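Now for the letters of each chain:
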Amino acid sequence: MKYTFLAAVAFTLATIASANADTTCVVNSPDGELNVRELTQNGPGRVTDKLRNGYTVTMRDFYLLKGPSWARVVDGKTKTKVVGWVFKDYLNCNIQATAQPTKRGTAVELKKSGAWTTFSDTTKKGTKVVGMYTANARSAFYVKFFSDSDRLYVQLFKNGWQFPNDGVDVPLNITFDNGPSYPATARARMDEGYAVVETWISDPDLAGRFMDDLMGADTMTVTFEQGDEKPWVANMQGTRETGTAFMEAVKTLCPSCGKTTQPYDTAKPTQPYKPTAKKSERDI
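What comes next concerns the included structure. It should be emphasised that the depicted structure is a prediction, and the values quoted were computed from it without experimental measurement.

## Side note on the overall build of the chain
Working step 1: For the chain, the count of helices and strands is 2 helices and 18 strands.
Working step 2: Relative to its 284 residues, the chain shows a buried fraction of 42%.
Working step 3: For the chain, the accessible area works out to roughly 16,700 Å², and carbon and sulfur atoms hold 50% of it.

Structure representation (structure tokens):
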């Protein structure tokens, strides 16, 4: 993070601001990494480390230092290893927590690893669905496959979103690490009181690449092209295990999904090749 200081100026914590205890956040710096500064009696000291975007931290508290806000964080996995001071504005605390959302009683957890969970369920109309998600108390990111559809759905939920009754287009972009990128014009709507932004991938090859990138990435960033919603940066720990369980469940619902196409009728037995006589020199 490119944030400069005058070396001769002593750090003084002018104001202590209240914060939610042990808030889970991920690094979301415009430079791709965030400076970590040592803990001193006067506040942030020298740079001791750098954290890449997507790294999970736990924010214990934060302070105002002559305007800028600084967070005292620990490692998000161990909850005990001290990390140090980081610039709070470059932390995203909107999506990366792992609390499960409330789901119907028919849901069955297939796999849970890291920040992600894979499940199977049945809709009110009797349609079978498998999905994987990461969520916190306010927002969630889902990938779903329904037994009566040939599409891979991506759904985003967040408390506080409000959309017109007839829906509205929401341009967004899903990026894994520093690329590849998946731009889409999603459709936003209110669904039984819940605000959902939904898009889908109908091309099987593109859906396969999307899942490969999701399962192999260290960071996933969802950027909203309109409005004032800040980018979502997701913790991808556990996506390989949960993604594998998701793909296996999809194969159960759709045995033909993922199979390659052939340029002949595989149901008919093949016949020995019999060359035909050429009618002219231009015949192959």
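## Focus: the side chain of Thr134
Working step 1: Structurally, Thr134 is set in strand 11 (residues 128–135).
Working step 2: Exposure remark for Thr134: the relative accessible area of 1% places this residue in the buried category.
Working step 3: Looking at Thr134, its side chain comes within polar contact range of the main-chain oxygen of Ala115, at 2.9 Å.

## Comments concerning the environment of Pro171
Working step 1: Inspection of the secondary structure assignment puts Pro171 in strand 14 (residues 168–176).
Working step 2: Among the residues examined, Pro171 registers a relative accessible area of 19% and is labelled buried.
Working step 3: Separated by 13 residues in sequence, Pro171 and Ala184 place their C-alpha atoms 5.9 Å apart.
Working step 4: Beyond its immediate sequence surroundings of up to four residues, Pro171 is in contact with Ala184, Thr185, Thr223, Phe224, Glu225 and Gln226.

## With respect to the pairing of strand 18 (residues 232–235)
It is a general feature of regular strands that their side chains alternate between the two faces of the sheet.
Working step 1: Here strand 18 shows no split at all, with Trp232 and Ala234 on one side and Val233 and Asn235 on the other all buried.
Working step 2: Sheet analysis places strand 17 (residues 219–224) next to strand 18, joined by 4 bridges and oriented antiparallel. Paired with Thr219 across the bridge in strand 18 is Asn235.

## Some points on helix 2 (residues 239–253)
Working step 1: The first and last C-alpha atoms of helix 2 sit 20 Å apart over 15 residues, in line with the 21 Å expected at 1.5 Å per residue.
Working step 2: Taken residue by residue, helix 2 has Thr239, Thr242, Gly243, Phe246, Ala249 and Val250 as its buried positions. Within helix 2, the buried residues cover an arc of 125° as seen down the axis, which keeps them to one side.
Working step 3: Packing partners of the buried residues in helix 2 comprise strand 9 (108–113), strand 10 (116–122), strand 11, strand 12 (139–146), strand 13 (152–158) and helix 1 (204–216).

## Observations concerning the packing of aromatic side chains
Working step 1: Tallied over the full model, the rule gives 16 aromatic pairs.
Working step 2: A ring pair is formed by Tyr142 and Phe157, whose centres lie 5.6 Å apart and whose planes are at 80°; its orientation type is edge-to-face. Placement of the pair is Tyr142 in strand 12 and Phe157 in strand 13, with a sequence separation of 15 residues.
Working step 3: By relative accessible area, which is 6% here, Tyr142 ends up buried.
Working step 4: Between Trp161 and Trp232, the aromatic rings sit 5.6 Å apart at their centres with planes inclined by 15°, giving stacked as the arrangement. Of the two residues, Trp161 sits in the loop between strand 13 and strand 14 while Trp232 sits in strand 18, which places them 71 residues apart along the sequence.

## A short note on helix 1
Working step 1: Between its first and last C-alpha atoms helix 1 spans 18 Å; for 13 residues at 1.5 Å apiece the expected length is 18 Å, and the two agree.
Working step 2: Listed in full, the buried residues belonging to helix 1 are Ala207, Phe210, Met211, Leu214 and Met215. All buried residues of helix 1 fall inside an arc of 125° around its axis, so they share one side. Relative to its buried face, helix 1 has exposed residues pointing more than 90 degrees away, namely Asp205 and Asp212.
Working step 3: Two or three places before Asp205, at the start of helix 1, stands the capping residue Asp203, its side-chain oxygen 3.0 Å from that residue's backbone nitrogen.

## Quick look at the nonpolar core
Working step 1: Phe141, Ile174 and Phe210 are the most contacted members of the largest nonpolar core, which has 38 residues in total.
Working step 2: Per-element accounting of this core gives the leading share, 5 residues, to helix 1.
Working step 3: Among the nonpolar cores identified, the runner-up in size contains 16 residues, and Cys25, Leu34, Val57 and Met59 belong to it.

What counts and how
- Residues numbered from 1 in each chain as written.
- Predicted model: local features only at pLDDT ≥ 70, side-chain atom pairs only at ≥ 80, totals over all residues.
- Heavy atoms only, no water.
- Helix = DSSP H or I, 4+ residues; strand = E, 2+ residues; numbered from the N terminus.
- Buried < 20%, exposed > 50% of the residue type's maximum accessible area, 1.4 Å probe, protein only.
- Areas by Shrake-Rupley, 256 points an atom, 1.4 Å probe, with all protein chains shown as cover.
- Polar contact = N/O pair within 3.5 Å; in protein donor to acceptor, adjacent residues only side chain to side chain.
- Contact = heavy atoms within 4.5 Å.
- Pairing = 2+ DSSP bridges.
- Expected span 1.5 Å × (residues − 1).
- Arc of directions from axis to C-beta.
- Phe/Tyr/Trp six-rings, centres within 6.5 Å; stacked < 30°, edge-to-face > 60°.
- Core = buried A, V, L, I, M, F, W, Y, C linked by side-chain atoms within 4.5 Å.

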